[in-house]
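# Geometric and topological summary
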Amino acid sequence: MAYDYHRSGSLAEAFALAARDDSALIAGGTDLLVALRKKKRAAPARLVSIRSLPELTAIEAGPGLLRIGACAPLTEILAQPVVRERLPALAQALAVIGSRQIRNVATLGGNLCNASPGADSAPPLLVYDATVELAGTGGRRELPLSEFFLGPGRTALRPGEIMTAVCVPLPVPSAQSVFQRRSRVAMDLATASLAVNYELQGGVLKSVRLAAGAVAPTPLRLRAAESWLEGRAVNEETLAKAVELARGEIKPIDDLRGSAWYRSELIGVFLSRAFRNRKEGDA
Amino acid sequence: MNEFRFIGVDTARPDAPDKVSGRAQYIHDITLPGMLWGAIRFSDHAHARIRHIDTSEAEKLPGVEAVITAYNTPEVRIGFLRDNFALKRDKVRQFRDEIAAVAARDPETAREAAALIRVEYEPLPGVFSPEEALVEGAPLVHETDARGRARKDNIVPVRFAHHSGDLEAGKRASRHVVEGEYRVPLIQQSCMGTAGCIASFDARGNLTLVAKTQIPFLAQKDFNRALGALGLEGRNTRVVVPALGGGFGTGLDTHAYEYIAMLLAWRTGRPVKILYNREEEFAFLSPRQSASARIRQGCDENGRLTFREIEVVQDNGAYTSWGATFPSVMLVPATSLYRVQNVSFESKIVYTNNTYCQAMRGYGNPEITWPIESSIDELAELAGIDPFDMRLLNCNQPGETTPMGLKITTCGLKECLERTAASLDWKEKRGRQDAKRRGVGMAGVINVAGGGKIYRSDGSGIILKPDDYGNVNVSYGGVEMGQGLHSALALTVAEALGIRPENVIVNQTDTASCPWDVGTHASRGAFMACNAAVLAARKLKARLLEWAAEIYPQEVEEALARARRHSSFKEPDFDWRDAARRGQFELANGILTVTGAPELPELQVDFGRLLRAVHFRRQGPGTTFAEDAFYEPPTELPDWDKGIGNMSATYAFGAQGVEVEVDEETGEVKILRLVAVHDVGRVLNPQTLKGQIYGALAQGIGYAMYEQVLTDKGRVLNPGFTDYKLPTACEMGFPIDVQLVETNDPEGPFGAKGVGEPGLVPTAPAIANAIFDAIGVRIRDLPITPEKILLALRQRR
Ligand SMILES: Cc1cc2nc3c(=O)[nH]c(=O)nc-3n(C[C@H](O)[C@H](O)[C@H](O)COP(=O)(O)OP(=O)(O)OC[C@H]3O[C@@H](n4cnc5c(N)ncnc54)[C@H](O)[C@@H]3O)c2cc1C
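The structure presented is a predicted model; accordingly, all values stated were derived computationally and were not measured. (Residues numbered from 1 in each chain as written. Chains lettered and ligands numbered in written order. Predicted model: local features only at pLDDT ≥ 70, side-chain atom pairs only at ≥ 80, totals over all residues. Heavy atoms only, no water.)

### Section: the overall build of chain B
- Each helix and strand counted, chain B has 20 helices and 30 strands in total.
- A globule of 797 residues ought to have a C-alpha radius of gyration of about 28 Å, and chain B, at 29 Å, matches this closely.
- Principal-axis analysis of the C-alpha atoms places the extent of chain B at approximately 95 × 75 × 45 Å.
- The buried share of chain B, reckoned over its 797 residues, is 63%.
- Within chain B, contacts between residues at least 6 apart in sequence are counted, and of these 80% link residues at least 24 apart.
- Total accessible area on chain B stands at roughly 29,400 Å², and carbon and sulfur atoms take up 49% of it.
- Within chain B, the 103 negative side-chain charges are centred at a point lying 2 Å from the centre of the 91 positive side-chain charges. (Helix = DSSP H or I, 4+ residues; strand = E, 2+ residues; numbered from the N terminus. Rg over C-alpha atoms; globule rule 2.2 N^0.38 Å. Buried < 20%, exposed > 50% of the residue type's maximum accessible area, 1.4 Å probe, protein only. Contact = heavy atoms within 4.5 Å. Areas by Shrake-Rupley, 256 points an atom, 1.4 Å probe, with all protein chains shown as cover. Lys, Arg positive; Asp, Glu negative; His and termini not counted. Charge placed at Lys NZ, Arg CZ, Asp CG, Glu CD.)

Here's what the structure looks like:
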């Protein structure tokens, strides 16, 4: 295996090279190089590296919004106090991706653009209503993350488009969020995962967001369960119905990491645990 | 106080600095001048007739030097039943069957050429489990045996059985009887260093094989036989063993890839290297076989065992290697773990179109201790007895002879069980089933620890050769594969001879320079090597001390004469001449002196100086030294049909305990604490011994909870660590209490027993027993995954 390796000097140059159909973008390379070695992906003529472009690595906190450059390494994102304090589900998810060595080079954009059904950053970003910025020679656009994933390995990126940033609205301080996940051992992809974000006001749930990973062709919002929970009080009956609805929305499969049955069980457990014993004002 | 100078003292391993600094030469690091690379074309079917092999495209590829098949090379049969061939001619019986091979200038070209070989097949129906293979009229994996006689079924013709006492009487005497079927999966040895070899011929037709082997001398025999097949009768194979990145049993047999490298080297006249990558290691090397065991055992009203009955069925895969002989080792715990009369053991080894299987650390013992020790807990539960008390009640005792005829000399089982219970706070914690869903469990182990006689000789030779500078070179035919054998040898030679461990240099294992050894397996390495070393060291020491009578006075007089030139010198107030005349010499710590001498440099002769003084003698002919010894343990080759014979010179015992917490909603098991108490006879090097046990525990946990080679109709689905899960450091993040019990075995070197395997044997049943204690669910099928636990919990409701 031999490729040309091109380290882009500017975003414009990266756009131009990315537009050629024999190019492949490389950020941290932790998905790409494995896929190439295992021949799970056709070999490109050229790897276009975008990871050292400052426009793509910056992490900027604005009022009510965190803008994370697509090529920011996971370790850098985790080091942001705002992530740990305001986006705990995202912090919990990023912290279990691979090992520290992997997190030092793996990028958030790579995790999303690789579009694995189990990409761990996706469920928390979905429950925080994140949007993604996509750009190329044809211009810039913004898309809700929930519209980005089309199937395993398939995204809304157009040929030659680069993801430039992920924008995360910061939840109100009273919101609570959590990410749960199970894998066979450490350093393993998720068997199933669930991120939850909600507020508890006057004893009832508000702004409920649920998103699951590794239980469908793409990471997905569990909208039926969300709307059932919206405005209701947390009790075992409510949760049981939510679990039932959630299980109806996911489409898990049997594979080496677990059976469809077990995945469905896990989603139910994660969902109940996310709400059980939570009180107003709990973090 | 330690009665020894080096034995029992933490000592850094002699091989460690080179290994941690990347200097050790593994097979991966070795290149010979003019060397070619081999690659193998494996089968595309689990069972098929080979219709046609077209190698023309491969031959045309630039850089290819040879393409071989069974049609253009002599037939080379392999395996102890001779049911396998280096290259397959008419039929493939498993996905990893070798059909053709290529030698080329680099590994990429070789692999590319191998992929260009076209094979036409006529697919045949296959059998993929013993159940399928045993059905009347099932497709035959082998239509004939090695001699060409027609075969009627898929049963491998090896028999290991045992029937002692009166089973029916045992059953009648039982108050409680339990029965269960237990399963173990196919697993991979997962050596850090993958498999490989380099074959080269000299101009006279002698073969040198640099091989990742644990059996250099049995391999030499196998390869010499293959030389005969090439028309090279009487030529010799020299087996050279590089640094090994783990063996774990993978090196207990010779492999088709080694014979293929040999055929390619002979064809091209150049050295040929074949090296497996991780995926190939998983798909094309022999793993540890899956097996099922049905066990029945009973006890009387007091909990005393009344009988034990076991039937084992093993999936052999398509060809026969040493995995088929696992029942020979299963007999040890089956008949002798705890006191039990009236034992019945039967085994059936079945050909299938799955990958063929091989040895792995423990060799049948974990497979059978899993049902035995789970069943002991089931029996205790039924009888309403604490499982710890039941184990104590039936505990083996020193001096007993078991139904298999094993002569138990020293036995620390009772102490191991008691210490395990104490460390776990057993009486306090067991049987509580509290809200936290915590539980404790334990299991015991018996393992051969003084060799395991499965061959005409179970011995080991050794040569000790001092040089002029006070170093002793050790030539030993066993293999250092990461377990610390060289460290044990250095300590033993130093202790027995009276020199320092850093002056003991263990040579690379090479059949040309090392004496015969049957192989490094069965926890026998250090036991045999060190026993042989003690014998040779005694001979060497006796010879050296004979020379002391001449050399010592001469060297001391000279030293004193030199010392007297200093005015401050005071004559020693000690009659050293008299002691020397009486022959009261002592060699210790690399220094020769006489008994009672004060610690004055003038009265001490350095070991190197002694050797030089003998070599370059002032008058008369001098000499150099070398001594050899061969240690053959006092054991018997068992009668396998009857399952009787004292196959080991001593037996190791141990107990492990674990505390777990089970999440009843997800089925996840968290280990809170692990205790491993092992009767090791005597600790040689505490550091390496604990290393053996920690490593074994990780393997035991892998077997218990994570590992399984998944296959679909004979094809491996998870050939790599992405989906074949070993425990990582994160899974091992709990306190581990390792305790060593010293029983000082009379047959062991300085009292030591073999310790390589026992550490992984009882781990799985200890965990399963703890899970039962926590949530009342028993898993009988390894690995114990959260999914299985959750399913069992659901089924219980
Ligand atoms: C040992 C190991 C463990 C792992 N464990 C986990 C885990 O637990 N959880 C998990 O979710 N993942 C895991 N991964 C997967 C991987 O590390 C992540 O998906 C990582 O975030 C990918 O980022 P990257 O920068 O390395 O992507 P790359 O490999 O560089 O790229 C991945 C894909 O995205 C494309 N791409 C990258 N950046 C952009 C961009 N800005 N715009 C458009 N396309 C782009 C590339 O062309 C490529 O197709 C693991 C990987 C390894 C090797």
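### Some points on the overall build of chain A
- A count of helices and strands for chain A gives 12 helices and 14 strands.
- For 283 residues, the compact-globule formula gives about 19 Å, and the C-alpha radius of gyration of chain A, at 19 Å, lands near that figure.
- Projecting the C-alpha coordinates of chain A onto the three principal axes gives extents of approximately 60 × 45 × 35 Å.
- For chain A, with 283 residues in total, the buried portion stands at 53%.
- Restricting to contacts in chain A with at least 6 residues of sequence separation, those with at least 24 account for 61%.
- Summing over all exposed atoms, chain A offers an accessible surface of approximately 12,200 Å²; the carbon and sulfur share of this is 52%.

### Details of the site of the ligand
Residue and element names in this part refer to chain A.
- By nearness alone, 31 residues border the ligand, and L25, G29, T30, D31 and T107 come closest of all.
- Measuring from an oxygen atom of the ligand, one finds a side-chain N or O atom of T30 at 2.6 Å.
- Residue D31 places a side-chain N or O atom 2.5 Å away from an oxygen atom belonging to the ligand.
- For the ligand, the accessible surface in isolation is 990 Å², of which the surrounding protein chains cover 90%. (Near = heavy atom within 4 Å. Polar contact = N/O pair within 3.5 Å; in protein donor to acceptor, adjacent residues only side chain to side chain.)

### Comments concerning the sheet that holds strand β30 (residues 736-741) of chain B
All names here are of chain B.
- A sheet is described by the order of its strands in space; here four strands give the open sequence β18-β26-β27-β30, paired in mixed fashion. The open sheet has two edge strands with one neighbour each: β18 (438-448) and β30. Taking the axes of each pair of neighbouring strands and ignoring which way they run, one obtains an average angle of 15° across the sheet.
- Of the pairings in the sheet, the one linking strand β26 (residues 651-662) to strand β27 (residues 669-679) comprises 10 bridges and is antiparallel in character. Looking at β27, one finds that Q656 is bridged to A676.
- Along the sheet, helix α18 (residues 686-706) contacts β26, β27 and β30; its crossing angle with β30, the most-contacted strand, is approximately 125°.
- Along the sheet face, helix α19 (residues 763-775) touches β18, β26 and β27 and points at about 160° away from the line of β18. (Pairing = 2+ DSSP bridges. Axes fitted to C-alpha atoms, helices over the stretch in contact; angles between N-to-C directions.)

### Some words on the interface of chain A and chain B
- Across the contact, 19 residues belong to chain A and 22 residues belong to chain B.
- Counting the surface lost from both chain A and chain B, the interface buries some 1,800 Å², and carbon and sulfur atoms represent 53% of this.
- At the boundary of chain A with chain B, the tally comes to eight salt bridges.
- In this structure, E265 of chain A and R794 of chain B form a salt bridge, with 2.5 Å as the shortest nitrogen-oxygen distance.
- Looking at which element gives the most residues to the side of chain A that touches chain B, the answer is helix α12 (residues 260-275) of chain A, with six residues. (Buried area = accessible area lost by both parts, 1.4 Å probe. Salt bridge = Lys/Arg side-chain N within 4 Å of Asp/Glu carboxyl O.)

### Description of the packing of helix α15 (residues 525-564) of chain B against helix α17 (residues 607-615) of chain B
All names here are of chain B.
- Between α15 and α17, the least distance of the axes is 10 Å, while the angle of their chain directions is 105°. Considered as vectors, α15 and α17 are oriented roughly perpendicular to each other. Taken together, the residues of α17 that come into contact with α15 (itself represented by L544, W547, I551, Q554, E555 and A559) are F607, R609, L610, L611, A613 and V614.
- Considered class by class, the residues forming the contact of α15 with α17 number nine nonpolar, one polar and two charged. (Parallel < 35°, antiparallel > 145°, perpendicular 65-115°, else oblique. Nonpolar A, V, L, I, M, F, W, Y, C, P; charged D, E, K, R; others polar.)

### Quick notes on unusual backbone geometry
All names here are of chain B.
- In this structure, P783 follows L782 across a cis peptide bond, with omega equal to -5°.
- When you line up the elements, P783 lands in the loop between α19 and α20 (786-796).
- Not every positive phi belongs to a glycine, and Y363 is a case in point at roughly 45°.
- For Y363, the location among the structural elements is in the loop between β17 (343-351) and α10 (365-383).
- Exposure remark for Y363: the relative accessible area of 9% places this residue in the buried category.

### What about the domain arrangement of chain A?
- Partitioning chain A into domains gives domain 1 (4-49), domain 2 (54-169) and domain 3 (176-275).
- When each unit is reduced to the centre of its C-alpha atoms, the spacing between domain 1 of chain A and domain 3 of chain A is 35 Å. (Domains from an automatic or database assignment.)

### Focus on the packing of aromatic side chains
- In total, this model carries 22 aromatic pairs over all chains according to the counting rule given.
- Summarising the aromatic geometry, the rings of F148 of chain A and F149 of chain A are spaced 5.5 Å apart at their centres and angled 75° between planes, so their arrangement reads as edge-to-face. Neither residue differs from the other here; F148 of chain A and F149 of chain A are each classed as buried.
- Arranged with centres 5.9 Å apart and planes meeting at 90°, the rings of Y319 of chain B and Y356 of chain B form a pair that is edge-to-face. Highlighted residues: Y319 of chain B in the loop between β16 (305-317) and α9 (326-336) and Y356 of chain B in the loop between β17 and α10, separated in sequence by 37 residues. Each of the two residues, Y319 of chain B as well as Y356 of chain B, counts as buried.
- Cation over ring: K88 of chain B sits above Y319 of chain B, and NZ or CZ is 5.2 Å from the ring centre.
- Lying over the aromatic face of Y703 of chain B, R288 of chain B brings its terminal NZ or CZ to 5.3 Å of the ring centre. (Phe/Tyr/Trp six-rings, centres within 6.5 Å; stacked < 30°, edge-to-face > 60°. Lys NZ or Arg CZ within 6 Å of the ring centre and 35° of its normal.)

### Notes on the sheet that holds strand β14 (residues 272-275) of chain B
All names here are of chain B.
- Spatial strand order, β3-β7-β1-β14-β11-β12-β13: seven strands in an open sheet with mixed pairing. The sheet is open, and its two edges are formed by β3 (64-69) and β13 (237-240), each paired on a single side. Across this sheet, the average inter-strand angle for adjacent strands is 20°, counted without regard to direction.
- One ladder, built from six bridges, connects strand β1 (residues 36-42) with strand β7 (residues 98-104); its direction is antiparallel. Across the sheet, the residue bridging to R41 is A100, located in β7.
- Relative to the sheet, helix α3 (residues 107-116) contacts β1, β3, β7 and β14, its axis offset from that of β1 by approximately 25°.
- Strands β11 (196-201), β12 (207-211) and β13 of the sheet are contacted by helix α6 (residues 216-229), whose axis makes an angle of about 145° with β13.

### Some words on α12 of chain A
- Its 16 residues give α12 of chain A an end-to-end C-alpha distance of 23 Å, which sits within 8% of 22 Å, the value for a rise of 1.5 Å per residue.
- Among the 16 residues in α12 of chain A, 13 count as buried, and that is most of the element. (Expected span 1.5 Å × (residues − 1).)

### Thoughts on the domain arrangement of chain B
All names here are of chain B.
- Domain annotation for chain B reports domain 1 (34-124 + 195-275), domain 2 (291-454 + 637-796) and domain 3 (459-631).
- Each partner contributes residues to the interface: domain 2 has 24 residues there, and domain 3 has 19 residues.
- Counting the surface lost from both domain 2 and domain 3, the interface buries some 1,300 Å², and carbon and sulfur atoms represent 64% of this.
- Interface area lost by domain 2 to domain 3 is led by L684, P749 and F750, which between them contribute 36%.

### Re the confidence of the model for chain B
- Scored by pLDDT, chain B comes out at a mean of 97, with 100% of its residues at no less than 70.
- Under the prediction, the complex receives an ipTM of 0.94, its pTM being 0.97. (pLDDT = per-residue confidence, 0-100.)

### Some points on the pairing of strand β2 (residues 23-26) of chain A
- Bridge count between β2 of chain A and strand β3 (residues 46-49) of chain A: four bridges; the pairing is parallel. Following the sheet pairing, L25 of chain A is matched in β3 of chain A by V48 of chain A.

### Observations regarding the packing of α18 of chain B against α19 of chain B
Residues and elements named next belong to chain B.
- Closest axis-to-axis distance for the α18/α19 pair is 8 Å, and the angle between their directions is 55°. Compared by their axis directions, α18 and α19 come out oblique. Crossing hand, α18 versus α19: right-handed. Touching L697, G700, I701, A704 and M705 of α18 are T763, A764 and I767, all from α19.
- The class makeup of the residues in the contact of α18 with α19 is six nonpolar, two polar and no charged. (Left-handed = near helix turned anticlockwise from the far one by under 90°.)

### Examining the environment of P466 of chain B
All names here are of chain B.
- With respect to the secondary-structure elements, P466 resides in strand β19 (residues 460-466).
- Its relative accessible area of 7% is what places P466 among the buried residues.
- Taking C-alpha positions, P466 is 58 Å from V662, a pair spaced 196 residues apart along the chain.
- Among all residues touching P466, those that are not within four sequence positions of it are N471, V472, L540, F607, L611, F625 and A626.

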